[in-house]
Amino acid sequence: MSSKPMASTPPLLELNNLQMHFPVSSGVVNRHSGVVKAVDGVSLTIQEGETLGLVGESGCGKTTTGRAILRAIDPTGGQINYRRADGQVVDLATLNNRQLKPYRREIRMVFQDPYSSLNPRMTVLEVVSEPLRVNKVARGRDIEDRVAELLRRVGLRPEYMRRYPHAFSGGERQRISIARALALNPRLVVLDEAVSALDVSVRAQILNLLEDLQDELKLTYLFISHDLSVIEHICDRVAVMYVGKLVETAETSKIFTTPSHPYTEALISSVPIADPRMRNTRTRIKLQGEIADPAHPPSGCYFHPRCRFATEKCSAETPPWKQTSNGQWALCHYAGEIDTKGILDLESSAAD
Amino acid sequence: MVMDDKTLLEVKGLKTHFPLDEGLVKAIDGVDFSVQRGKTLCIVGESGCGKSMTARSILQIVQPPGRIVEGEILFRRPGTNGQPGTVVDIAKMDPKGKAIREIRGQEISMIFQEPMTSLSPVHTIGDQIGEVVRIHNNASKEEAKARTIDVLERVGIPKAADRFDTYPFQLSGGMRQRSMIAMALANTPSLLIADEPTTALDVTTQAQILDLMRGLQQELDMAMMFITHDLGVVAEIADEVVVMYLGLVVERGTVDEIFHDPKHPYTRALLRSIPRLGRATKARLDSIKGMVPSPFDRPRGCPFHTRCESFMPGKCDEILPLPTTLSERRDVRCLLYGEGDGAVGRTESSKVLENVG
């Protein structure tokens with residue numbers, strides 16, 4: 001266990017060059033034929049009490065990053081520095097299962113699909129109380145009281161605790177998942193596409209609930225999503241991933257108005273805007289081609305084959321992290337020099 | 001059967017019910033709309049509102065025991081030499097009969113949501129698209145292949161001739177959805193039904209596919225019925241919008257009317273509950289209270305009254321409103337605007353009231 005002294009404003013969690021490489025084997029003898037770099041050197045920090053959004057398209061490694069933080073998978077490199085309540089910093093990546101146990105109570109996860117993430121053979125009481133029983137936090141009558149309190153907190157009626165998941169709608173199931181995640185008073189909750197499977201009207205309810213719970217319980221969220229409008233709504237800061245690498249981090253207000261990486265620009269530009277009057281007035285930046293294969297990434301900057309600013313340098317050299325004049329970080333040779341368009345530029349001609 | 005020239009499809013008072021052991025599920029319980037030639041109609045609503053079932057009813061591919069119990073689906077078949085074609089009622093056709101099979105895949109075709117499960121995993125892309133061409137056109141294998149490669153090129157699949165022999169698992173999600181579109185367009189249908197075609201795709205791929213569909217629609221002068229729950233997509237692509245709730249069309253109008261002058265409390269609430277990019281962040285979202293009721297337990301009267309902020313006790317929970325026509329091709333089903341005039345051509349109001357009471 002590595003411990004470091006407390007810094008001045010220490011983050012709750014710091015990923016340092018996190019790597020998750022999966023071996024690829026092929027042929028009858030399962031020869032090792034390469035690696036898929038699902039997460040390739042991700043470094044980011046999460047401050048206590050904030051919501052960090054992790055956004056990207058499918059296969060970019062955002063879920064793998066979330067799972068590595070929970071140590072649901074063992075990262076192949078890098079550090080996951082977690083600051084305990086007493087100020088000690090531990091590297092979760094180096095701990096074994098027994099040493100991890102106390103931290104599993106403090107970092108919890110909510111999954112995307114409320115239909116497959118709840119055991120259909122367990123009642124709500126059993127589902128929500130399982131973490132309490134496993135960790136011997138409560139026993140007997142106490143358990144039911146705790147579960148009732150948790151259910152009330154997420155907006156469900158405690159009378160329903162003896163029902164099975166099939167009796168609940170998608171939104172209610174997601175509330176049950178959230179209650180389970182909160183059962184052990186976590187400090188960090190990883191929300192992996194937690195609202196993506198929900199209908200519009202229910203999604204708004206759950207987003208409001210998450211915000212209320214954060215205020216009440218001083219929670220820190222890592223909010224993984226592909227939906228930029230939800231990310232913009234709920235997150236304080238945003239980190240964008242592309243093919244296993246982080247390409248940009250910035251405060252939410254900045255990243256949407258002045259994206260500094262061309263991929264962020266294209267992502268923002270691709271989001272359909274719910275206003276038909278904007279349809280013909282918006283200039284959309286269209287990406288050509290497809291997301292690179294993480295097993296065979298392009299040379300240099302992974303994004304260069306699809307980038308509208310790409311030069312020869314981009315295909316030859318791996319870009320460094322650069323900070324722009326307004327404090328955003330981007331993994332781009334030309335960060336801060338290129339004229340990337342934000343949400344307001346795209347809409348400017350549509351002002352009415 | 002009166003239908004003007006511009007109208008390609010007209011659905012009147014459609015009801016599709018599922019008699020199940022647990023009770024009667026009224027998946028569609030009063031749907032009226034029309035699709036105009038060359039235009040895009042979006043059907044929007046939450047899961048379980050009957051939007052996919054409407055599409056399936058139009059193609060007569062409702063799974064048993066579900067069946068169309070009432071209503072008309074009038075479709076104008078393509079004419080020859082500039083003459084308007086004949087109008088047929090699909091609702092009356094036998095789901096396994098010859099008549100509907102001539103229309104399916106030829107004059108009306110459909111794209112499904114999940115490109116991985118709707119393509120056969122054991123046949124090549126070329127085989128699957130070629131089959132559609134051969135069945136409807138009596139074409140030889142060579143002709144079918146040439147047509148297939150042509151249509152694959154048209155949907156923007158690079159090196160189409162090489163992709164002819166690939167299997168779906170060798171393609172990315174975007175390419176699979178392009179293949180699905182190619183299959184749907186192989187026989188140049190006059191109506192394309194797309195059931196959540198971009199929901200399983202990433203945003204950048206979604207933008208590509210929407211562009212492609214818009215382009216192809218203009219090129220082929222084809223009407224589209226586009227089913228989605230994503231209001232952003234609706235705003236991008238629709239000419240007209242139909243909003244559904246629990247098997248009923250609650251509001252209908254042009255895309256601009258729906259987004260800028262919504263009438264039904266449900267439409268208004270839906271539009272308020274979506275976070276919008278570039279708008280003030282961190283403000284609380286307006287959510288609709290409660291959830292969509294179970295189909296076995298439909299509320300009496302207006303099905304939305306349990307969640308409605310304009311609920312009028314004694315009225316909304318008693319009377320099922322009929323569509324009130326506000327202007328041409330614009331109607332709303334809400335007691336705030338009257339009990340309905342039934343002008344869209346359906347069973348007279350007394351009969352519906354009887355059913356409710």
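Residues numbered from 1 in each chain as written. Chains lettered and ligands numbered in written order. Predicted model: local features only at pLDDT ≥ 70, side-chain atom pairs only at ≥ 80, totals over all residues.

Participant: Quick one: what's the story with the overall build of chain B, residue by residue and with numbers?
Facilitator: Counting its regular elements, chain B contains twelve helices and twelve strands. Radius of gyration (C-alpha) of chain B: 21 Å, near the 21 Å computed for a compact globule of 357 residues. Projected onto its principal axes, the C-alpha positions of chain B cover 65 × 50 × 45 Å. A total of 357 residues make up chain B; the buried ones form 48% of that total. Excluding contacts between residues fewer than 6 apart, the proportion of contacts in chain B whose partners are at least 24 apart in sequence is 61%. (Helix = DSSP H or I, 4+ residues; strand = E, 2+ residues; numbered from the N terminus. Rg over C-alpha atoms; globule rule 2.2 N^0.38 Å. Buried ≥ 20, exposed ≤ 12 C-beta atoms within 10 Å, placed from the backbone. Contact = placed C-beta atoms within 7 Å.)

Participant: Which residues make up the overall build of chain A, and what values do they have?
Facilitator: For chain A, the helix and strand inventory stands at eleven helices and twelve strands. Relative to its length of 352 residues, chain A is compact, with a C-alpha radius of gyration of 22 Å against a globular reference of 20 Å. Once the C-alpha set of chain A is aligned to its principal axes, its extents read approximately 70 × 55 × 55 Å. When each of the 352 residues of chain A is scored for burial, the buried share is 47%. Of all intrachain contacts in chain A linking residues separated by at least 6 positions in sequence, the fraction that spans at least 24 positions is 66%.

Participant: Could you give an account of the interface of chain B and chain A, naming the residues involved and the relevant values?
Facilitator: Counting residues at the interface gives 35 residues for chain B and 38 residues for chain A. Taken together, the residues that form the side of chain B that touches chain A break down as 15 nonpolar, twelve polar and eight charged. (Nonpolar A, V, L, I, M, F, W, Y, C, P; charged D, E, K, R; others polar.)

Participant: Give me helix α8 (residues 203-220) of chain B: which residues, what numbers.
Facilitator: Its 18 residues give α8(B) an end-to-end C-alpha distance of 25 Å, which sits within 8% of 26 Å, the value for a rise of 1.5 Å per residue. Listed as buried for α8(B) are Val203(B), Thr204(B), Thr205(B), Gln206(B), Ala207(B), Gln208(B), Ile209(B), Met213(B) and Leu216(B). Summarising the contacts, the buried residues of α8(B) are in contact with α9 (262-270) of chain A together with α7 (173-185) of chain B. Phi turns positive, to about 50°, at Asp221(B), one or two residues after α8(B). (Expected span 1.5 Å × (residues − 1).)

Participant: Outline unusual backbone geometry, listing residues and values.
Facilitator: Between Pro64(B) and the following residue, Pro65(B), the backbone shows a cis peptide bond with an omega angle of 5°. You can see Pro65(B) is positioned in the loop between α1 (51-58) and β4 (67-76). A positive phi is found at Asn17(A), a non-glycine position, where the angle reads about 55°. Position of Asn17(A) relative to the elements: it lies in strand β1 (residues 13-26). One non-glycine residue, Arg71(A), adopts positive backbone phi at about 55°. In this structure, Arg71(A) sits in the loop between α1 (62-69) and β4 (77-83). Under the C-beta neighbour-count criterion, Arg71(A) is labelled partly exposed, with 18 such atoms within 10 Å.

Participant: Explain the sheet that holds strand β7 (residues 191-195) of chain B to me, and be specific about the residues and the numbers.
Facilitator: Residue and element names in this part refer to chain B. Reading across the sheet, the eight strands line up as β6-β7-β8-β3-β9-β10-β12-β11 and stay open at both edges, with mixed pairing between neighbours. A strand with exactly one partner marks an edge of an open sheet, and here the two such strands are β6 (108-111) and β11 (324-327). Each neighbouring strand pair of the sheet contributes to a mean axis angle of 20°, computed without reference to strand direction. As defined by bridge partners, strand β3 (residues 40-44) adjoins strand β9 (residues 240-245) across four bridges and the pair is classed as parallel. What sits directly across from Ile43, in β9, is Val242. (Pairing = 2+ DSSP bridges. Axes fitted to C-alpha atoms, helices over the stretch in contact; angles between N-to-C directions.)

Participant: Please give an account of the pairing of β6(B) that cites residues and values.
Facilitator: All names here are of chain B. Taking every second residue as pointing to the same face, both faces of β6 are buried, with Ile108 and Met110 on one and Ser109 and Ile111 on the other. Bridge count for β6 against β7 is four bridges, and the pairing is parallel. Looking across to β7, one finds that Ile111 is bridged to Ala194.

Participant: Pulling in residues and values, what's your account of helix α4 (residues 125-137) of chain B?
Facilitator: Residue and element names in this part refer to chain B. With 13 residues, α4 ought to run about 18 Å at 1.5 Å a step, and its terminal C-alpha atoms sit 19 Å apart, in line with that. Every buried residue of α4 is listed here: Ile125, Gly126, Ile129, Gly130, Val132 and Val133. Viewed along the axis of α4, the buried residues span an arc of 150°, placing them on a single side of the element. In this fold, the buried residues of α4 make contact with α5 (141-154), α6 (160-163) and α7. Phi turns positive, to about 60°, at Asn138, one or two residues after α4. (Arc of directions from axis to C-beta.)

Participant: Tell me what's going on with the sheet that holds strand β10 (residues 245-251) of chain A, and back it up with residues and numbers.
Facilitator: Within a sheet, neighbouring strands are paired by backbone hydrogen bonds and run either parallel or antiparallel to one another. Residues and elements named next belong to chain A. The strand order β6-β7-β8-β3-β9-β10-β12-β11 describes an open sheet built from eight strands, whose pairing is mixed. Each having just a single partner strand, β6 (107-110) and β11 (321-323) make up the two edges of the open sheet. Neighbouring strand axes in the sheet, compared pairwise and without regard to direction, differ in orientation by 20° on average. In the sheet, β6 pairs with strand β7 (residues 188-192) via four bridges, with the strands oriented parallel. Looking at the pairing, Met109 lines up with Val190 of β7.

Participant: Summarise the domain arrangement of chain A; cite the residues concerned and give the values.
Facilitator: Residue and element names in this part refer to chain A. Along its sequence, chain A is organised into domain 1 (13-23 + 35-241) and domain 2 (256-348). Relative to domain 2, the C-alpha centre of domain 1 lies at a distance of 29 Å. Contacts between domain 1 and domain 2 engage nine residues on the former and ten residues on the latter. When residues of the side of domain 1 that touches domain 2 are traced back to their parent elements, those giving at least two are β2 (31-46) and α7 (228-234). (Domains from an automatic or database assignment.)

Participant: Describe in detail the environment of Val44(B), supporting the description with residues and values.
Facilitator: All names here are of chain B. Mapped onto the fold, Val44 is located in strand β3. You can call Val44 buried: it has 24 C-beta atoms within 10 Å. With 223 residues separating them in the primary sequence, Val44 and Thr267 have C-alpha atoms 9.7 Å apart. Beyond its immediate sequence surroundings of up to four residues, Val44 is in contact with Thr228, His229, Leu231, Val234, Val241 and Val243.

Participant: How would you sum up the environment of Thr318(A)? Please name residues and give values.
Facilitator: Residue and element names in this part refer to chain A. Tracing the backbone through its elements, the reader meets Thr318 in the loop between α10 (312-316) and β11. Distance from Thr318 to Leu331, taken between C-alpha atoms, is 9.0 Å for residues 13 residues apart in sequence. Sequence-distant contacts of Thr318, defined by excluding residues within four places in its chain, comprise Gly300 and Cys301.

Participant: So, the environment of Arg187(A): which residues are in play, and what are the values?
Facilitator: Residue and element names in this part refer to chain A. Residue placement: Arg187 occurs in the loop between α5 (170-182) and β7. Separated by 27 residues in the primary sequence, Arg187 and Gln214 place their C-alpha atoms 10.0 Å from one another. Setting aside residues up to four positions removed in sequence, Arg187 forms contacts with Leu12, Glu106 and Thr220.

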